[in-house]
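Here are the chains, one letter per residue:
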Amino acid sequence: MLKKGFKRQLPLHLMLLPGIVLVFIYCYIPMVGGIMAFQKFIPSKGLFHSKWVGLKNFEYLFSMPDFYQVLWNTVFIAILKIIFGLIVPITIAILLNEVGKSVVKRWVQTLIYLPHFLSWVILGGVLIDILSPSYGLLNQFLGIFSIKPIFFLGDNQWFPFTIVLSDVWKEFGFSTIVYLAALTAVNPSLYEAAVIDGANRWKQTWNITIPGILPIIVLMTTLSLGNVLNAGFDQVFNLYSPLVYESGDILDTLIYRIGLIDGQYGVATALGLFKSLISFALVSISYWLAYKIADYRIF
Amino acid sequence: MVEGKSLGLKLFRIFNYTLLISLAVACLVPLIHILAVSLSSNVAASAGIVKLWPKDLTFKSYAFVLSKGEFLLSLWISVKRVLIGTVVSMLLTILIAYPLSKSGRELKFRTGYAWYFVFTILFSGGLIPWYMTIRTTGLLDSIWALVLPNAVPVFNVILLLNFFRGLPKELEEAAFVDGSGYWKTLWRIYVPLSMPSIATIGLFTIVSHWNSWFDGLILMNSQNNYPLSSYLQTIIVQSSLTNMSAEQLKNLASVSDRTVKSAQIFVGALPILACYPFLQKYFVKGMVLGGVKG
């Protein structure tokens with residue numbers, strides 16, 4: 001019925017062309033540009049005339065005392081975000097599910113998604129105000145319980161947790177939806193059977209609800225493995241200051257400062273490449289695991 | 001249910017409702033506070049006595065913000081960016097998703113093409129080479145620098161191609177019998193039938209363009225070319241945190257422009273808040289679309 005062959009397919013290939021060209025220029029050429037990591041890159045000389053320095057940039061990086069602290073900060077913040085980013089939404093989804101269909105449920109759902117759609121510039125501005133030790137709303141609230149003002153964004157002991165908690169605050173509502181959708185798919189007759197068998201609410205949750213959404217929990221956990229080096233540039237950049245570099249400086253902010261502020265392009269690219277390669281391995285493994293465990297496919 | 005359980009159940013209900021409602025409140029209160037501060041007088045705001053309701057109600061901050069040339073200019077650039085960016089991005093998304101929704105038999109190299117796009121999610125060259133590429137292509141300080149480098153949102157392509165795949169094959173075959181080619185079939189059949197899905201993706205694209213700030217910050221040399229989010233970043237965040245000593249940071253209360261900053265934050269958030277009912281309605285659908293699908 002259909003005429004086969006390349007000529008007939010030609011329109012389909014043409015449709016792909018603009019996308020292929022743009023992706024080539026802005027994604028693939030920068031990948032090749034990664035070889036700047038092995039150069040003393042000078043913009044005016046370009047990629048072809050800058051001096052090759054072998055592994056010098058990497059040696060320099062690994063000899064930087066900050067490097068290990070920054071790597072630790074990144075992994076620490078990222079892993080805490082992954083853990084709380086899984087636990088909180090799952091818990092809230094189960095609790096929301098207990099409420100049943102009601103006005104309260106609808107309102108709560110509507111409100112908890114809201115921060116997800118605002119950028120870290122806006123929320124950064126909001127948090128700087130709310131968390132201020134002198135006039136901030138949160139410290140005034142804590143003052144009611146005679147807690148001394150806490151300098152959330154300027155104290156190295158507090159900063160990483162402020163980052164993790166504010167990220168959970170922004171994103172938990174959004175992540176909750178995935179689990180809520182999975183919860184509605186749990187077969188209601190299982191609950192009816194459990195009630196007849198005399199299982200209480202707690203037992204129902206433990207033996208029916210959680211096993212019911214376990215596949216999606218496993219899938220989300222697996223996929224989140226790829227984020228171990230992503231501590232959240234947008235957020236940290238808008239909330240940190242030199243005061244908290246010690247606990248809050250992460251790989252991405254360091255790359256930005258070395259590269260675009262100090263102009264050490266080669267070193268910054270080397271650090272970027274270091275991050276990209278590890279992330280690539282992590283993301284590949286996580287997708288592969290998700291495929292093996294949950295039959296998840298990207299496309 | 002057995003009678004004895006009801007007390008425990010009641011207590012749980014009370015606990016559950018309290019927790020959920022306080023969480024919802026925690027998501028809303030910060031914004032209300034900012035709104036209240038922005039509508040208060042300088043004196044009240046600096047004294048830190050404004051909570052959730054404006055003290056000495058005044059619109060002076062908003063009048064000041066809206067009379068600033070740079071603010072209006074960056075607002076205009078943001079509007080331009082959202083319009084051009086969304087149109088370009090949506091066109092590309094549709095044009096890529098349609099061929100990739102075909103089987104490997106109908107489109108030669110389909111798997112190769114798909115991996116070509118998906119690989120960009122897995123690996124990137126990093127910030128510096130990306131910046132240098134854009135610089136070399138001569139886009140710095142041009143609106144296109146905010147549009148072209150991220151014009152192919154691969155996740156959206158995957159969402160749409162899954163939707164396209166779900167449409168009945170017979171429709172397309174019927175169109176072919178009537179003599180339509182691929183182009184006509186795409187625009188006359190696939191696009192109109194996928195409107196809910198396209199609207200969802202379009203809304204997400206609009207939001208992400210509105211919210212993007214970092215690309216504007218590094219790709220525009222002149223402040224006059226900043227979109228609103230980048231402009232807000234420099235005046236709200238940078239001026240509060242960078243280059244400030246601990247003492248200055250602690251004494252931000254004395255900074256008299258707190259109300260103005262709050263007004264700017266609120267104006268920046270306003271378009272999102274205005275779109276929120278739509279976002280809300282569509283994005284659950286979008287999430288489910290993007291969920292576990294083979």
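Residues numbered from 1 in each chain as written. Chains lettered and ligands numbered in written order. Predicted model: local features only at pLDDT ≥ 70, side-chain atom pairs only at ≥ 80, totals over all residues.

**A look at the packing of helix 4 (residues 69-100) of chain B against helix 7 (residues 154-166) of chain B**
Residues and elements named next belong to chain B.
Next up, step 1: As a packed pair, helix 4 and helix 7 sit with axes 8 Å apart at the nearest point and diverge in direction by 50°. For the element pair helix 4 / helix 7, the angle class is oblique. The two elements helix 4 and helix 7 meet at a crossing, and its hand is right-handed. In contact with Thr-93, Ile-94, Ile-96, Ala-97, Tyr-98 and Leu-100 of helix 4, helix 7 contributes Asn-156, Val-157, Leu-160, Leu-161 and Phe-164.
Next up, step 2: When grouped by side-chain class, the residues that make up the contact of helix 4 with helix 7 number 9 nonpolar, 2 polar and no charged. (Axes fitted to C-alpha atoms, helices over the stretch in contact; angles between N-to-C directions. Helix = DSSP H or I, 4+ residues; strand = E, 2+ residues; numbered from the N terminus. Parallel < 35°, antiparallel > 145°, perpendicular 65-115°, else oblique. Left-handed = near helix turned anticlockwise from the far one by under 90°. Contact = placed C-beta atoms within 7 Å. Nonpolar A, V, L, I, M, F, W, Y, C, P; charged D, E, K, R; others polar.)

**Overview of the UniProt feature "domain: ABC transmembrane type-1" (unreviewed entry) in chain A**
Next up, step 1: In this structure's numbering, the residues bearing the UniProt feature "domain: ABC transmembrane type-1" (unreviewed entry) are residues 71-286 of chain A.
Next up, step 2: Overall, residues 71-286 of chain A shows 75% helix and 0% strand. The separation of its end C-alpha atoms is 21 Å. (UniProt positions renumbered as here; feature names shortened; annotations may be inferred.)

**Brief notes about the nonpolar core**
Soluble globular proteins: nonpolar side chains tend toward being buried together.
Next up, step 1: Counting residues in hydrophobic clusters, the biggest one holds 136 residues, and the most contacted among them are Leu271(A), Ile96(B), Ala97(B) and Leu160(B).
Next up, step 2: Ranked by residue count, the leading element in this core is helix 14 (residues 265-294) of chain A, at 10 residues.
Next up, step 3: Of the domains in this structure, domain 1 (5-47) and domain 2 (63-290) of chain B are the two that each give at least three residues to this core.
Next up, step 4: Setting aside residues up to four positions removed in sequence, Ala97(B) forms contacts with Val157(B), Leu160(B), Leu161(B) and Phe164(B). (Core = buried A, V, L, I, M, F, W, Y, C linked by C-beta atoms within 7 Å. Buried ≥ 20, exposed ≤ 12 C-beta atoms within 10 Å, placed from the backbone. Domains from an automatic or database assignment.)

**Overview of the domain arrangement of chain B**
All names here are of chain B.
Next up, step 1: Parsing chain B into structural domains produces domain 1 (5-47) and domain 2 (63-290).
Next up, step 2: Placing the centre of domain 1 and that of domain 2 at their C-alpha centroids yields a distance of 32 Å.
Next up, step 3: Contacts between the two partners involve 9 residues from domain 1 and, on the opposite side, 10 residues from domain 2.
Next up, step 4: Here the side of domain 1 that touches domain 2 takes 5 residues from helix 1 (residues 5-38), the largest share from any one element.
Next up, step 5: A class-by-class count of the residues in the side of domain 1 that touches domain 2 yields 5 nonpolar, 4 polar and no charged.

**Considerations on helix 10 (residues 195-211) of chain B**
Next up, step 1: Between the first and last C-alpha of helix 10 of chain B there are 24 Å, a value that for 17 residues agrees with the 24 Å anticipated at 1.5 Å per step.
Next up, step 2: For helix 10 of chain B, the full list of buried residues reads Ser197(B), Ile198(B), Thr200(B), Ile201(B), Phe204(B), Thr205(B), Ile206(B), Val207(B), His209(B), Trp210(B) and Asn211(B). (Expected span 1.5 Å × (residues − 1).)

**A word on the UniProt feature "transmembrane region" (unreviewed entry) in chain A**
Residue and element names in this part refer to chain A.
Next up, step 1: Per the UniProt record, "transmembrane region" (unreviewed entry) is found at residues 12-38, 70-96, 117-138, 172-191, 212-233 and 265-290.
Next up, step 2: Taken end to end, residues 70-96 has its terminal C-alpha atoms 38 Å apart, with 100% of it in helix and 0% in strand.
Next up, step 3: Overall, residues 265-290 shows 100% helix and 0% strand. The separation of its end C-alpha atoms is 36 Å.

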